[in-house]
Amino acid sequence: MKTIPLRLASLPLVRHLPWRMPLQVLPRPLQLLAAEQLANQLLREQIESDDLDFLQGRIMRIRIKDLGYDWGITKLGPQLVFVQGSDCAEGCISGDSREFLLLASRREDADTLFFQRRLVIEGDTELGLQVKNLVDSIDLDEFPWMFNQAIGVGADFAEAFS
């Protein structure tokens, strides 16, 4: 699904807007709840078809450094559960929000982002690669149109402000 490209970068004032601020002040319990509910809804098909069983009882840490987000993701029974990130996670994928948005919008290839160290896998690299391969296998056309538009607009902002 294509988004209408924003030409925000050409506006001098826009480059200096603190676009990350609303996301940075979101309380951690709300971050975890929103991320968990969204992931379980969007990945329902992958959960039901056991594509996420590799996370059963294991914790993958996701750190979005510029937002201060630090989450642990695991699969317990028939759902994904988000918890506070910790050093006891088996693996970690980290980077800035821009890279995660570019990955989610498919504007950048996962392999490129990891090869250029803009996204980093640490710890159990096999677990990290399983997550990367899952992300690569997801068909964005199966997601709600509004979600894809939001990701596209987020990527537009990230590109304009960096």
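Residues numbered from 1 in each chain as written. Predicted model: local features only at pLDDT ≥ 70, side-chain atom pairs only at ≥ 80, totals over all residues. Heavy atoms only, no water.

Draft legend 1. Structural detail: the sheet that holds strand E4 (residues 91-95). On the basis of which strands lie adjacent, the open sheet formed by five strands has the order E3-E2-E1-E4-E5 and mixed pairing. Whereas interior strands pair on both sides, the edge strands pair on one side only; in this sheet they are strand E3 (79-84) and strand E5 (119-123). Mean inter-strand twist for the sheet, computed between neighbouring axes without regard to direction, equals 25°. Where strand E1 (residues 60-64) and strand E2 (residues 69-76) come together, five bridges link them in antiparallel fashion. Residue Arg61 lies in a different strand from E2, and its bridge partner there is Gly72. This element, helix H2 (residues 28-42), spans E2 and E3 of the sheet and lies at about 160° to E3. The strands touched by helix H6 (residues 125-137) within the sheet are E1, E4 and E5, with E5 carrying the most contacts at an inclination of about 140°. (Pairing = 2+ DSSP bridges. Helix = DSSP H or I, 4+ residues; strand = E, 2+ residues; numbered from the N terminus. Axes fitted to C-alpha atoms, helices over the stretch in contact; angles between N-to-C directions. Contact = heavy atoms within 4.5 Å.)

Draft legend 2. Structural context of the side chain of Thr74. With respect to the helices and strands, the residue Thr74 is situated in strand E2. Looking at Thr74, its side chain comes within polar contact range of the main-chain oxygen of Arg58, at 2.7 Å. (Polar contact = N/O pair within 3.5 Å; in protein donor to acceptor, adjacent residues only side chain to side chain.)

Draft legend 3. Examining a negative patch on the surface more closely. Taken together, Glu45, Glu48, Asp50, Asp51, Asp139, Asp141 and Glu142 make up a surface patch of like negative charges. Of the residues examined, Glu48 reaches a relative accessible area of 63% and is grouped as exposed. (Patch = residues over 30% accessible without salt bridge, like charges linked within 9 Å, V, L, I, M, F, W, Y side chains within 5 Å. Areas by Shrake-Rupley, 256 points an atom, 1.4 Å probe, with all protein chains shown as cover. Salt bridge = Lys/Arg side-chain N within 4 Å of Asp/Glu carboxyl O. Lys, Arg positive; Asp, Glu negative; His and termini not counted. Charge placed at Lys NZ, Arg CZ, Asp CG, Glu CD. Buried < 20%, exposed > 50% of the residue type's maximum accessible area, 1.4 Å probe, protein only.)

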